[in-house]
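Residue-level listing of the chains:
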Amino acid sequence: MISLVGRPLSVVGLVVAATTVNLPLAKIHPETKPRPAWYETWRRFARNKPALLGLMVIVLLLFTAIFAGQLAPYDYTKTNLDLSAKPPSAEHWLGTDVIGRDMLSRIIFGARSVVFVIVVVATISLSLGLVLGAAAGYFGGWVDTLISRTIDFLFAFPDLLFIFFIAATIKPGLVAGLRTLAQDNNMQWLTDFVRSGYADYLVVMIALSVLGWAGLARLVRGQILALREKEFVIGAQAVGVSNWRIMTRYLIPNSLAPILVAISMGLGGIALSEGILAYLGIGLQPPNPSWGNILADNIGRYWRTWPEMLWMIFLPFAVMAAVVFAFNFVGDGLNEALNPELQ
Amino acid sequence: MAAYVVRRLLWLPVLLILISLVTFALGIYGPGDPVQVLMGLHTRPEIVDQVRKEYGFDQPFVIQYLNYVSNALRGNFGYSVVKFPGQSVSDLLAKRFPVTFQLNLVALAWSLPLGIALGIFSALKRKSWFDVFIRALVILGISLPVIGLQPVLTFAMARKHEFGTFSIGPFLPVGGWKGMFAPEVILPAFILGLGVLAVFTRQTRAAMIEVMTSDFIRTARAKGLKEWMVVGRHALRNALIPLVTIIGFTIAGLFAGSFIVEQFYGIPGVGSLAFDALTSREYYIIMAFTLIAATVYVLINLLIDILYAFVDPRIRYQ
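Since the model is a prediction, treat every value here as computed from it, not as a measurement.

Conventions adopted
- Within each chain, residue numbers correspond to sequence positions counted from 1 in written order.
- For this description, chains carry letters from A and ligands carry numbers from 1, given in the order in which they are written.
- Local features in this predicted model are restricted to residues of pLDDT 70 or higher, and side-chain atom pairs are both shown and tallied only at a pLDDT of 80 or more, whereas totals for entire chains, interfaces and linings draw on every residue.
- Secondary structure elements follow DSSP: runs of H or I of four or more residues count as helices, runs of E of two or more count as strands, with numbering from the N terminus.
- We call two residues in contact whenever the C-beta atoms placed from their backbones are within 7 Å.
- Each residue is classified by how many other C-beta atoms fall within 10 Å of its C-beta atom, where C-beta atoms are placed from the backbone; a count of 20 or more means buried, 12 or fewer means exposed, and values in between mean partly exposed.
- Helix span, as expected, comes to 1.5 Å for every residue beyond the first.
- Regarding the arc, it is the one traced by the directions from the helix axis to the C-beta atoms.
- Along the chain, pLDDT gives the predictor's confidence residue by residue, from 0 to 100.
- All amino acids are sorted into three groups, where Ala, Val, Leu, Ile, Met, Phe, Trp, Tyr, Cys and Pro are nonpolar, Asp, Glu, Lys and Arg are charged, and the leftover types, Gly among them, are polar.
- In this document the domain limits rely on a domain assignment from an automatic tool or a database.
- A fitted line through C-alpha atoms serves as each axis, taken over the contacting stretch for helices, and the angle formed by two N-to-C directions is quoted from 0 to 180°.
- Left-handed describes a crossing whose near helix is turned anticlockwise from the far helix by less than a right angle; the clockwise case is right-handed.
- By our criterion, buried Ala, Val, Leu, Ile, Met, Phe, Trp, Tyr and Cys residues that link up through C-beta atoms within 7 Å make up a nonpolar core.
- The cut-offs work like this: below 35 degrees is roughly parallel, past 145 is roughly antiparallel, 65 to 115 is roughly perpendicular, and the gaps in between are oblique.

This part is about the overall build of chain A. Counting its regular elements, chain A contains 14 helices and 0 strands. Starting at the N terminus and ending at the C terminus, chain A contains elements arranged as α-α-α-α-α-α-α-α-α-α-α-α-α-α. Within chain A, counting contacts between residues at least 6 apart in sequence, those at least 24 apart form 70% of the total.

The helix and strand inventory of chain B stands at 13 helices and 2 strands. Over its C-alpha atoms, taken along the principal directions, chain B stretches across nearly 85 × 75 × 30 Å. With 318 residues in all, chain B has 34% of them scored as buried. Residue pairs in contact within chain B that sit at least 24 positions apart in sequence constitute 67% of those at least 6 positions apart.

We now examine helix α3 (residues 49-66) of chain A. Residues spaced three or four apart along an α-helix face the same direction, because each turn holds 3.6 residues. Residue and element names in this part refer to chain A. A rise of 1.5 Å per residue sets the reference length of α3, with its 18 residues, at 26 Å; its end C-alpha atoms lie 26 Å apart and thus fit the reference within 8%. What α3 keeps buried is the set A51, G54, I58, L61, T64 and A65. Projection of α3 onto a plane perpendicular to its axis shows the buried side chains occupying an angular sector of 140 degrees, all on one side. In α3, those exposed residues whose orientation departs by more than 90 degrees from the buried face are K49, M56 and V59. Of the surrounding secondary structure, the elements contacted by the buried residues of α3 are α2 (37-47), α4 (68-71), α5 (103-139) and α14 (306-338).

It is worth spelling out the confidence of the model for chain B at this point. All names here are of chain B. Residues with a pLDDT of 70 or more make up 97% of chain B, whose mean pLDDT is 84. Mean pLDDT values for the elements of chain B range from 74 in helix α2 (residues 34-39) up to 92 in helix α5 (residues 89-124). For this predicted complex, the interface score ipTM comes out at 0.83, alongside a pTM of 0.83.

In this assembly, 30 residues from chain B lie in contact with 35 residues from chain A. Within the residue set of the side of chain B that touches chain A, elements represented by two or more residues are α1 (2-29), α6 (129-143), α7 (146-158), α10 (227-257) and α13 (283-311) of chain B. Of the residues forming the side of chain B that touches chain A, the biggest block, 6 residues, is contributed by α13(B). Broken down by class, the residue content of the side of chain B that touches chain A amounts to 22 nonpolar, 8 polar and no charged.

This part takes up α5(A). Residues and elements named next belong to chain A. When the terminal C-alpha atoms of α5 are compared, their 53 Å separation across 37 residues agrees well with the 54 Å that a helix rising 1.5 Å per residue should span. Burial within α5 is extensive, with 26 of its 37 residues counted as buried. Positioned one or two residues after α5, G140 has a phi angle of 60 degrees, which is positive.

All names here are of chain B. Looking at the assigned domains, one finds that chain B contains domain 1 (2-73) and domain 2 (90-311). Contacts between the two partners involve 14 residues from domain 1, matched on the other side by 13 residues from domain 2. Counting residues per element, the side of domain 1 that touches domain 2 draws most heavily on α1, at 11 residues. Here the side of domain 1 that touches domain 2 is built from residues that sort into 10 nonpolar, 3 polar and 1 charged.

All names here are of chain A. For the pair α5 and helix α9 (residues 198-228), interaxial distance at closest approach is 6 Å and the crossing angle is 35 degrees. Seen along the crossing, α5 lies across α9 with a hand that is right-handed. Across the contact of α5 with α9, the residue classes break down as 20 nonpolar, 6 polar and 3 charged.

Membership of the largest hydrophobic core comes to 163 residues, with the highest contact counts inside it found for I163(A), V204(A), I285(B) and I286(B). Domain assignment of the residues forming this core places at least three in each of domain 1 (2-73) and domain 2 (90-311) of chain B. Ignoring any residue separated from it by four or fewer positions in sequence, one finds V204(A) in contact with I163(A), A167(A), L277(A), I282(A) and G283(A).

This next bit is on the confidence of the model for chain A. Across chain A, the average pLDDT comes to 81, with 88% of residues at or above 70. Element-level mean pLDDT values for chain A span from 44 in helix α1 (residues 2-21) of chain A up to 93 in α3(A).

All names here are of chain B. Take G175: it is sitting in the loop between β2 (166-168) and α8 (186-212). Considering only alpha carbons, one finds G175 and A158, 17 residues apart in sequence, at a separation of 9.8 Å. In contact with G175, other than residues within four places in its own chain, are E184, Y265 and G266.

Not every positive phi belongs to a glycine, and N186(A) is a case in point at roughly 55 degrees. Turning to its location among the elements, N186(A) is positioned in the loop between α7 (159-185) and α8 (188-196).

In helix packing, the relevant descriptors are the interaxial angle and the interaxial distance, both defined with respect to the helix axes. All names here are of chain A. At a closest axis distance of 8 Å, the pairing of α7 and α8 adopts a crossing angle of 150 degrees. In this view, α7 runs roughly antiparallel relative to α8, as classed from their interaxial angle. Seen from above, α7 lies across α8 with left-handed handedness. Residues V175, L178, R179, L181 and A182 of α7 touch α8, and the partners they reach there are L190, T191 and V194. Across the contact of α7 with α8, the residue classes break down as 6 nonpolar, 1 polar and 1 charged.

What follows is about the environment of I259(A). Residues and elements named next belong to chain A. Take I259: it is sitting in helix α12 (residues 256-280). Accessibility expressed as a C-beta count within 10 Å gives 20 for I259, which makes it buried. In this structure the C-alpha to C-alpha distance between I259 and Q223, which are 36 residues apart in sequence, comes to 8.8 Å. Once residues within four sequence positions are removed from consideration, I259 is found in contact with L219, V220 and Q223.

Dropping the structure here:
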């Protein structure tokens, strides 16, 4: 059966090969340099308009966060009760909130808060997730058991609940501990730090990182496990390439595609969590601005009507949504660019 | 297979002990000295000592932990101190759980089937405008912050909008809880379900695409089967299996995450109870909530993993 099918096919193949050999189909230009592998990926990515737009939003966000001090027209804590909940005007482009603070300045500094959290949480969870996930996948045995069981344990708590729990239990103790530490040792900077409300923030960031690395490590572990059995890795082991080099040069680069996508989407998730936690009063403490607590402040005690709704609630909501969108679109674009066969 | 189930079941008690240990340790000792937390501003030493004895805080940690767990196993999670003085935590949870359950049921009832249907159609009409539209919608559903969506949607639906002499709305009543069939449930259930809708559309689409490009579908087509047979009989059954694994996470996550919605709309479920507990530092309620949620989460996921292996015989756990 197979030979019956195989023979005519191979004959056709031979004929095709014979006819194509003489055709100058692949003309080689010696002057064109081979393009690096990432160039194709970038070209596919750049074709995706939403992803490109998302990248621009992210760049704008970073710019705003870095130059918040120069961009903001007012002090974000300066109140003015004569200007309570005023509509946008020439002085206050996005209007003012209930206690007369400039909304534009608060939103600009809110960008700094969210970028700060994203950078810190991403750095911690990324390094932990990559190293521990790769170690678990590569070494196997008790290392894998220990790391995988830790991940299982962390996954036992639903995300938001875990952060909620940490914030409810560890935070007051930690903040009180820091305060007494500062008083006992007469450390002015620590007292200022605790008073500024950023100590509360620290707890949130730790909780987010603790959750973040577990998800990433699980993904990396799966990737490494699949790659470990591939011939080129076994070959490298056979010629005596060191474990560290195999991990950093063979395994991690080859498992990067899904990891990059997960990270990009994860950053959007971190931005979202930051907002939600500040909204719930667990994250950044007022008067420091986060888009989440701007929303919570502005929903406030009474129900807003249309024009107030627009600048007091819709704007922070829109900014927040735009940032999360941006990360998700970039993630989606990366997914398509890195795995063209998938989509 | 049997070995896998046994190993998972053996790991279960270890996991549960770890969860309860961490919950207990953080819940009691996280905020500082538990007696100080309970007493607040009352600091007369003899009363502090009396309370310390009464609550068993003078005992060694292990004894305290075992006491807590054995009480918890018998349904006693301690008592509320500040917000609902004297009421037992288990009573409070039992009274409020049905509300959260019904709310989530309504949220799942619209979002789960719709998500699966959209995912299937999007995969079948791959690369069409419908598919592009659905994919954008999925990203929208994942990205929109619930905390901002709540006031905006509520404003749009629950207010009378006046344009000069002409006015429309309000379309929906909101606020409070009047049972799962009252129209008040629509808005919170819609907002809760959006995330589920997005996740299920995305997963169904991915699974369906993977199945539709596999060899046995080509074989089915080559046999000359009608397209609805190929899709309905061959593709769909295989594509829906992986969804089983995320259903558990989704349902458990919904319960734990519904406190944002419950708190905003004033729905008296476990979520708003947990939120009240957080703001008034009711550690016994927070501990009970965390402990129960994590335990249920673990159990559901175990059940689903085992179920998955039975549903899909190709899965070999090692």
